[in-house]
Amino acid sequence: MIADNGMSRRTMLVKLGFLLNGIVGVFLAVPIVRYLLSPVIRERKTGFESWLSLGGLEQFPAGQTRLATYHNPVVNAWDGQTGDVACWVRNVDDQNFQVFAINCAHLGCPVRWFPQSNLFMCPCHGGAYYQDGSRASGPPERGLFQYAYKIANGALLIKAGEMPTPGQPVAETAGTRTTCA
Amino acid sequence: MRLIQKVGEWFELRLQLGTPIRDTAEHPVPRETASWFYVFGSAALTVFMLQIVTGILLALIYVPSAGEAWNSLQTLNHGISLGWFIRALHGWGSNFMVAIVLIHMMQVFLFGAYKFPRELTWIVGVLLLLVTLGMAFTGQVLRFDQDAYWGLGIGASIASRVPVIGPWVVNLMLGGPIIAGATLSRFFALHVFVVPGLLIAFVGVHLLMVLKLGINEWPMPGRIVRRATYLQEYHELTHKDGVPFVPNAVWKDILFSAFILLAIAACAVYFGPFGPSGQPDPTIIQTAPRPDFFFLWLYALLSFLPPSSETPILLIGPAIALLVLVALPFVAGEGEKSWKRRPIAVLSVLLIAVALGTFTRLAQHAPWSPVMDAWSSQPIPSEYLQGRTALQRRGALVFQAKQCHNCHSLDDKGGQRGPALDSVALRMTQDQLVRQVIQGGGNMPAYGKNLSPAETTALVAFLDTLHPANQAPARDASRAVALGTGETATRP
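If you're wondering where the values come from, they're calculated on a predicted model, not measured in any experiment.

(A) Molecular detail of the overall build of chain B. Counting secondary structure elements, chain B contains 21 helices and 6 strands. For 492 residues, the compact-globule estimate of 2.2 N^0.38 gives 23 Å, and chain B exceeds it by more than 25% at 31 Å. Across its three principal directions, the C-alpha atoms of chain B cover 110 × 60 × 45 Å. The contacts of chain B with a sequence gap of at least 6 include a subset with a gap of at least 24, amounting to 77%.

(B) Geometry of the overall build of chain A. When its secondary structure is counted, chain A shows 2 helices and 11 strands. Listing every helix and strand of chain A by position from the N terminus yields α-α-β-β-β-β-β-β-β-β-β-β-β. Expressed as a percentage of its 181 residues, the buried residues of chain A come to 41%. By sequence separation, contacts in chain A at least 24 residues apart represent 49% of the contacts at least 6 residues apart.

(C) Main features of the interface of chain A and chain B. Of the residues lining the interface, 51 residues belong to chain A; the matching set on chain B comes to 52 residues. When contributions to the side of chain A that touches chain B are tallied by element, the ones reaching two or more residues are helix H2 (42–46), strand E3 (84–91), strand E5 (112–114), strand E6 (119–121), strand E7 (128–130) and strand E8 (135–137) of chain A. Looking at the side of chain A that touches chain B element by element, the count peaks at 3 residues for E3(A).

(D) Broad picture of the confidence of the model for chain A. Confidence along chain A averages 86 in pLDDT terms, with 86% of residues attaining 70 or more. Scored below 50 in pLDDT, residues 172–181 of chain A shows 16 contacts in the model against residues more than four places distant or in partner chains.

(E) Representation of the packing of helix H5 (residues 83–110) of chain B against helix H11 (residues 245–271) of chain B in the model. Residues and elements named next belong to chain B. Closest axis-to-axis distance for the H5/H11 pair is 8 Å, and the angle between their directions is 125°. Considering the angle they form, H5 stands oblique to H11. Handedness of the H5/H11 crossing: right-handed. Contacts between H5 and H11 pair Phe 85, Ala 88, Leu 89, Trp 92, Gly 93 and Phe 96 from the former with Ile 260, Ile 264, Ala 265, Cys 267 and Ala 268 from the latter. Residue composition of the contact of H5 with H11, grouped by class: 10 nonpolar, 1 polar and no charged.

(F) Representation of the sheet that holds E3(A). All names here are of chain A. The antiparallel open sheet is built from 4 strands, whose spatial order is E2-E3-E4-E9. The sheet terminates laterally at strand E2 (65–71) and strand E9 (146–147), the two strands that pair on one side only. Bridge count for E3 against strand E4 (residues 97–101) is 5 bridges, and the pairing is antiparallel. The residue of E4 that forms the bridge with Asn 91 is Phe 97.

(G) Here's a closer look at helix H7 (residues 146–159) of chain B. Given a rise of 1.5 Å per residue, 14 residues ought to cover 20 Å, and the 20 Å separating the end C-alpha atoms of H7(B) matches this to within 8%. Counting buried positions along H7(B) yields 14 of 14 residues, so the element is predominantly enclosed.

(H) The arrangement of the domain arrangement of chain A in detail. Considered domain by domain, chain A is made up of domain 1 (1–46) and domain 2 (47–160). On a C-alpha basis, the centroid separation for the pair domain 1 of chain A and domain 2 of chain A is 49 Å.

(I) Representation of the pairing of strand E10 (residues 149–152) of chain A in the model. Residue and element names in this part refer to chain A. Alignment of E10 against strand E11 (residues 155–160), held across 4 bridges, turns out to be antiparallel. By the bridge assignment, Ala 152 is partnered in E11 with Ala 155. Count of turn residues in the E10/E11 antiparallel hairpin: 2 residues, of which Asn 153 carries a positive phi of about 55°.

(J) Structural detail: the confidence of the model for chain B. Residues and elements named next belong to chain B. Across chain B, the average pLDDT comes to 92, with 98% of residues at 70 or higher. Note that residues 488–492 has pLDDT below 50 and, in this model, 6 contacts with residues that lie over four places away or in other chains. Listed scores for the predicted complex are pTM 0.90 and ipTM 0.88.

(K) Highlighting the nonpolar core. Ranked by internal contacts, the top residues of the largest apolar core, which has 112 residues, are Cys87(A) and Val47(B). It is H5(B) that provides the largest number of residues to this core, a total of 11 residues. With residues near it in sequence (within four places) discarded, Val47(B) still touches Gly93(B), Phe96(B), Met97(B), Ile100(B) and Ile260(B). Judged by nonpolar contacts, the second largest core, of 20 residues, contains Tyr447(B), Ala461(B), Leu463(B) and Leu466(B).

(L) Main features of the sheet that holds E6(A). Residue and element names in this part refer to chain A. Pairing within the open sheet is antiparallel, and its 4 strands lie in the order E5-E6-E7-E8. Of all the strands in the sheet, just E5 and E8 have a single pairing partner and so form its edges. Strand-to-strand twist across the sheet, computed as the mean angle between neighbouring axes with direction ignored, equals 35°. Inspection of the sheet shows E5 paired to E6 by 3 bridges, in the antiparallel sense. Its bridge partner lying in E6, Trp 113 is registered against Phe 120.

(M) Unusual backbone geometry, seen in detail. Residue Pro117(B) is reached from Phe116(B) by a cis peptide bond, and omega for that bond is 0°. With respect to the helices and strands, the residue Pro117(B) is situated in the loop between H5 and helix H6 (119–142). Within the chain, Asp94(A) stands out as a residue other than glycine whose phi angle is a positive 75°. With respect to the helices and strands, Asp94(A) occurs in the loop between E3 and E4. One non-glycine residue, Asn443(B), adopts positive backbone phi at about 75°. By secondary structure assignment, the location of Asn443(B) is in the loop between helix H18 (430–439) and helix H19 (453–463).

(N) Seen up close, the environment of Leu451(B). All names here are of chain B. Relative to the helices and strands, Leu 451 is located in the loop between H18 and H19. The spatial distance from the C-alpha of Leu 451 to the C-alpha of Val 437 is 9.0 Å, given a sequence separation of 14 residues. Sequence-distant contacts of Leu 451, that is, excluding residues within four places in its chain, are made with Lys 402, Val 437, Thr 456 and Leu 459.

(O) Structural view of helix H8 (residues 166–174) of chain B. All of the buried residues in H8(B) are Gly166(B), Pro167(B), Val169(B), Val170(B), Asn171(B) and Leu174(B). Among the residues trailing H8(B), Gly175(B) stands out with phi positive, at a value near 75°.

(P) Local environment of the environment of Ala446(B). All names here are of chain B. As for its position among the elements, Ala 446 is in the loop between H18 and H19. Along the primary structure Ala 446 and Val 192 are separated by 254 residues, whereas in three dimensions their C-alpha atoms are 49 Å apart. Filtering out sequence-adjacent residues up to four positions away, Ala 446 remains in contact with Ile 438, Gln 439 and Gly 440.

(Q) Highlighting the environment of Met372(B). Note that Met372(B) resides in the loop between helix H14 (343–365) and helix H15 (374–377). Each C-alpha atom, one on Met372(B) and one on Thr287(B), is 9.9 Å from the other, the two residues being 85 residues apart in sequence. Beyond its immediate stretch of four places on either side in the chain, Met372(B) contacts Arg112(A), Met121(A), Pro123(A) and Asn406(B).

What counts and what doesn't
Residues numbered from 1 in each chain as written. Chains lettered and ligands numbered in written order. Predicted model: local features only at pLDDT ≥ 70, side-chain atom pairs only at ≥ 80, totals over all residues. Helix = DSSP H or I, 4+ residues; strand = E, 2+ residues; numbered from the N terminus. Rg over C-alpha atoms; globule rule 2.2 N^0.38 Å. Contact = placed C-beta atoms within 7 Å. Buried ≥ 20, exposed ≤ 12 C-beta atoms within 10 Å, placed from the backbone. pLDDT = per-residue confidence, 0-100. Axes fitted to C-alpha atoms, helices over the stretch in contact; angles between N-to-C directions. Parallel < 35°, antiparallel > 145°, perpendicular 65-115°, else oblique. Left-handed = near helix turned anticlockwise from the far one by under 90°. Nonpolar A, V, L, I, M, F, W, Y, C, P; charged D, E, K, R; others polar. Pairing = 2+ DSSP bridges. Expected span 1.5 Å × (residues − 1). Domains from an automatic or database assignment. Core = buried A, V, L, I, M, F, W, Y, C linked by C-beta atoms within 7 Å.

Shown next as structure tokens:
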């Protein structure tokens, strides 16, 4: 049976079938895409960062730069050691602190502190930074990433939770001194 | 024998594969293509099969969990009978596969095989190169050690530089805000399901086209490819002067594949498996991450690019390279096939090979990285200290204590980030040395705030002794004039 427009009943049914599958496909694609994008949609809403203690102030003597570690606020049971993150704490004068991310601002390798020459050096591509985190030499385009910090109950707290990268430096508030007694 | 024949017939009646298989095996190929130059494609396929088998074997033990992966690799290396050998086969298989794919690509390019009508075969081949490299990178991540951890950090840092969506790309790549369990799980899914799936699909299409269009004939100088006449010419070549693929050509493929498998096994036995290096613990920062062999050139490139152009080159460079490779068969789809009449093609291959080889070699030494422990592990050669004054020796101590040695070498020991200082006194006067130390510059940090005036004086006094015994150190002539001393002052 051929209709006026030349389309038989069966071709129409085939097309109807394709249409139906297309609609079902879209219905399925929405949750699938949302599932795939969950690291950027769901979790980002609330933000990754929260205030974390690096320990008592007595661990960070004035005028020195010390390595500190914290446990990432968002972890799963199977993250193992990867949930532990290191950072460099510089006690400028007991009033002012600087907390630097361990990641080189070039490509994220772990920078090391040399107290004798007051330099941070990166083992990967030779980036170097002064004690205040500013760029000294090498390929980095900027200084070390800094965490926002505050002091509460004699402990040093930083706002952390996301790996700093050149496109996403830690908090925009980094560098500001939020000091609560 | 009767029984075997009967079973064979039973299957043949149902599968009906006998004729197509026989036709495929005995299809005629140009006589000269039964050559040792035409064995790399089949060798790549053979190594891929080895990778599938050894990969499945490893998956029997490996735990794709950030907390357990490293331990399961230790178990594979030490706890499971011959687990180390399977790991070594898979690791060396990976290196061989990348190498063979690159050689295959080079041969195909030099033999003009990408020209009409094999443009799509070439493009799928480019995709195969990409997924092979994708397998190599994701596989390196599954060897979840320090190199893998910080390598992911490098990947994330590069991805974050994408304008506007960079941070989202990083979160998507890592599966969260940091490198953690979710990161390893998604790279496991990529390495075991997604990329191999693509690889198998592309290999299928690639092979199908090789069979449908026929293997590229041996390029003869002067035999020009023209779209209008090529198919007819190729048909005549294969049907008048051709030989059946099996057995005339295939025996070389089989022998070479066996040789490659043997070479992989030999490397696996002799050199053993790759790593794992230290535990993927981000709080262990005494580490110098290095990528695997086939990404070393990139590691070198990243240290040489000027900071301002690094991001655009990193983001646009790969796109341009891909575009060039894909556009090649459309731009040069006709014409001369023989490398003897294509000097630009030969030079391009040489240039790329020399560049990649040089960068790889450099990355094995990484002269751009400070030697982190040179200041405490590499003493100043004693001949640089003999007969020196107390001030100069004090300067030598400053040189060590302030980690100058990490970036500057003396007697070929120490870092190579900065220039060697064995004869620095010939190049710079005392004043210039003082200025360089205090203000830095030319990729050297300024030490003005980190050195007391006494330390600077001592350091420069030491540096001023660094010149060959028979050559006088550089002097500022005007200084002698100003002080009214020295020979220059008395010169007419």
